[in-house]
Amino acid sequence: MLIRVVIKISVDSATILKPSRHRSEVNGFSKDVQKLLWKNKMTYPKADAKLKALGLFSKPKVNNLENKDGGDKCVQSDENGSCAVTSELENNDGVDKCHLSDDDGSCGVADDSGSKLESSAEVKKDDDITRELESDIICPLKRRKTEENCEDVETQNEGVSVVDQNVDGNCIKSEPEAGSEAITPETDLSLKSHSREKKLIDFREKLYLAPLTTVGNLPFRRVCKVLGADVTCGEMAMCTNLLQGQASEWALLRRHSSEELFGVQICGAYPDTVARTVELIEKECTVDFIDINMGCPIDIVVNKGAGSALLTKPMRMKSVVEVASGTVDIPITIKVRTAYFEGKNRIDSLIADFNSWGASAVTIHGRSRQQRYSKLADWDYVYQCTKKAPNNLQVVGNGDVFSFVDWNNHKTECPELATCMIARGALIKPWLFTEIKEQRHWDISSGERLNIFQDFVNFGLQHWGSDTKGVETTRRFLLEWLSYTCRYIPVGLLEVVPQRINWRPPSYYGRDDLETLMASDSAADWVRLSEMLLGKVPEGFTFAPKHKSNAYDRAENG
């Protein structure tokens, strides 16, 4: 009798706990949708109709498993957020996949609530086949000899990433099977809704947390929301990976109920893949805006024609924005850099057109692709572009905001700016949002900082789970974050206030042992901090941050 009572209590507890997590997070990835994507049975009537109306729809050619939009494997990352081939750490093996990244982090292959980490397989490339538009999604099934087989045979590895499955030969659906029979060309343009009739989104005076690779996961965004962030955005997801039904990429679109104004960022090189992606997101997710990344400087993305490569092709930029904004009612925003080549800025000549293409807002990162992060952001050029923008196009500035003084200066110098995006500043001190709202330099104590880390750990265990795998996933992302927070210098120790984001101070002693430990650039000390919150690390545990840092060269880390 006693045993039966215990069993009943455990079942009731599971019943109570499980729904609460689902209620707090939305934008989950349906297995039914994934199967449709895997079998090429998903139709995109709105996207295809818009592509036909703009003359961009082309009959699919022979297509192999080459990822034209930058692929699902990026082995390098840069620093300022919103620009990375990413995935959330929810694959089955839980192995990290980003090998290289720039010093300040937020633009590389990342794992976030479920990363596709190292799940990419080498893909074959047919040099004899070229195409202007990437039309249909690759069918990620076993070898098919007929279209009937392509439709009827079920995949036997439903939980495996698309690129992990063997594709021997091509499996492309014909145009009618891809949903063209549901397409109604927009011949009467008078019936088409004007961009001004779309749902509007207002970024003005709101504190905007940039999409940050690796660290910008859902638990970190929750921390920033508690500390004052108004707008949050998920990590950059590759269009091709979303259309292939990769669960790890779809995990990047998850949203917590506390994120009141939330957007997702996507990256694609071709109008058709972007159009179908935004239609799919509108259908399956609840988001307030969709941001298209046109500034990612990572080589593997740029070489595929996505990210910063679009800055060299303004007509391609136009097609991508037009077809995306014409496909969905969700506001479309874009993120760009000043130029591709240093000294050849061109956004000022394009900004007047962004709104006519259908963009509701544009974020300008004050660096060129070639520059990466070698110098401070060029805010004078950001101001110049902002003043040339039409009144109904919101312009967001981005680069090196690290104190409320920086925020005030940018708003004073250029009142036309809608707001400033905060990227690395939030990584190093997430209480920056509180400082801006309260207009003060917060001399935060080591105990208060530890409480913030504790909040992250609690959110992480809710998100990734409290079992062994969930604990170690939370630990890994905490360590990635600690590799940034160690750069913070307490206000009470500064001779010049405020701290600048490009300062690299020498080692120093804090006002207590915990503050000294938090200032260490040794990965071994970060592991010690994680043990204070999550217990001892497993036997043989090692950690190296994804971004380039001297921390992983230290002898203390083995």
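An account of the accompanying structure is given in this report. (Residues numbered from 1 in each chain as written. Predicted model: local features only at pLDDT ≥ 70, side-chain atom pairs only at ≥ 80, totals over all residues. Heavy atoms only, no water.)

1. Some points on a negative patch on the surface
Here is step 1 of the chain: On the surface, a cluster of negative charge is made up of Glu-342, Asp-378, Asp-380 and Glu-413.
Here is step 2 of the chain: We classify Asp-378 as partly exposed; its relative accessible area is 32%. (Patch = residues over 30% accessible without salt bridge, like charges linked within 9 Å, V, L, I, M, F, W, Y side chains within 5 Å. Areas by Shrake-Rupley, 256 points an atom, 1.4 Å probe, with all protein chains shown as cover. Salt bridge = Lys/Arg side-chain N within 4 Å of Asp/Glu carboxyl O. Lys, Arg positive; Asp, Glu negative; His and termini not counted. Charge placed at Lys NZ, Arg CZ, Asp CG, Glu CD. Buried < 20%, exposed > 50% of the residue type's maximum accessible area, 1.4 Å probe, protein only.)

2. Thoughts on the pairing of strand β11 (residues 394-398)
Here is step 1 of the chain: Where burial is concerned, most of β11 is hidden: five out of the five residues are buried.
Here is step 2 of the chain: On β11, burial covers both faces: Gln-394, Val-396 and Asn-398 on one face and Val-395 and Gly-397 on the other are all buried.
Here is step 3 of the chain: Alignment of strand β10 (residues 361-365) against β11, held across five bridges, turns out to be parallel. Considered in β11, the bridge of Thr-363 is made with Val-396.
Here is step 4 of the chain: Traced from β11 through helix α13 (residues 404-413) to strand β12 (residues 419-422), the parallel crossover comes out right-handed. (Helix = DSSP H or I, 4+ residues; strand = E, 2+ residues; numbered from the N terminus. Pairing = 2+ DSSP bridges. Right-handed = clockwise from strand over helix to strand, strands pointing away.)

3. Section: the packing of aromatic side chains
Here is step 1 of the chain: This structure, assessed with the given rule, holds 13 aromatic pairs.
Here is step 2 of the chain: When the ring of Phe-220 is compared with that of Trp-481, the centres are 5.2 Å apart and the planes differ by 80°; the resulting orientation is edge-to-face. Of the two residues, Phe-220 sits in helix α5 (residues 218-226) while Trp-481 sits in helix α17 (residues 468-485), which places them 261 residues apart along the sequence. Residue Phe-220 shares its accessibility class with Trp-481, and that shared class is buried.
Here is step 3 of the chain: A ring pair is formed by Phe-453 and Trp-481, whose centres lie 5.2 Å apart and whose planes are at 90°; its orientation type is edge-to-face. Within this pair, whereas Phe-453 is found in helix α16 (residues 446-464), its partner Trp-481 is found in helix α17, the two being separated by 28 residues in sequence.
Here is step 4 of the chain: The buried category is assigned to Phe-453, whose relative accessible area is 4%.
Here is step 5 of the chain: Taking relative accessible area as the criterion, Trp-481 reaches 0% and is therefore assigned buried.
Here is step 6 of the chain: Here the aromatic residues Phe-220, Phe-453, Phe-456 and Trp-481 are joined through ring pairs into a cluster of three or more. (Phe/Tyr/Trp six-rings, centres within 6.5 Å; stacked < 30°, edge-to-face > 60°.)

4. Focus on the environment of Val-33
Here is step 1 of the chain: With respect to the secondary-structure elements, Val-33 resides in helix α2 (residues 31-38).
Here is step 2 of the chain: By relative accessible area, Val-33 is classed as buried at 8%.
Here is step 3 of the chain: Each C-alpha atom of the pair Val-33 and Leu-280 lies 9.7 Å from the other, and the pair is 247 residues apart in sequence.
Here is step 4 of the chain: Discounting chain neighbours no more than four positions away, the residues touching Val-33 are Met-42 and Glu-284. (Contact = heavy atoms within 4.5 Å.)

5. Digging into the pairing of strand β9 (residues 332-337)
Each regular strand displays side chains that alternate between the two surfaces of the sheet.
Here is step 1 of the chain: Among the six residues of β9, six are classified as buried, and the element is accordingly described as predominantly covered.
Here is step 2 of the chain: Of the two faces of β9, the one lined by Ile-332, Ile-334 and Val-336 and the one lined by Thr-333, Lys-335 and Arg-337 are each fully buried.
Here is step 3 of the chain: Where β9 lies against β10, five bridges are found, and the strand directions are parallel. Opposite Lys-335, over in β10, you have Thr-363 as the bridge partner.
Here is step 4 of the chain: Read as a crossover between parallel neighbours, the route from β9 over helix α11 (residues 347-357) to β10 is right-handed.

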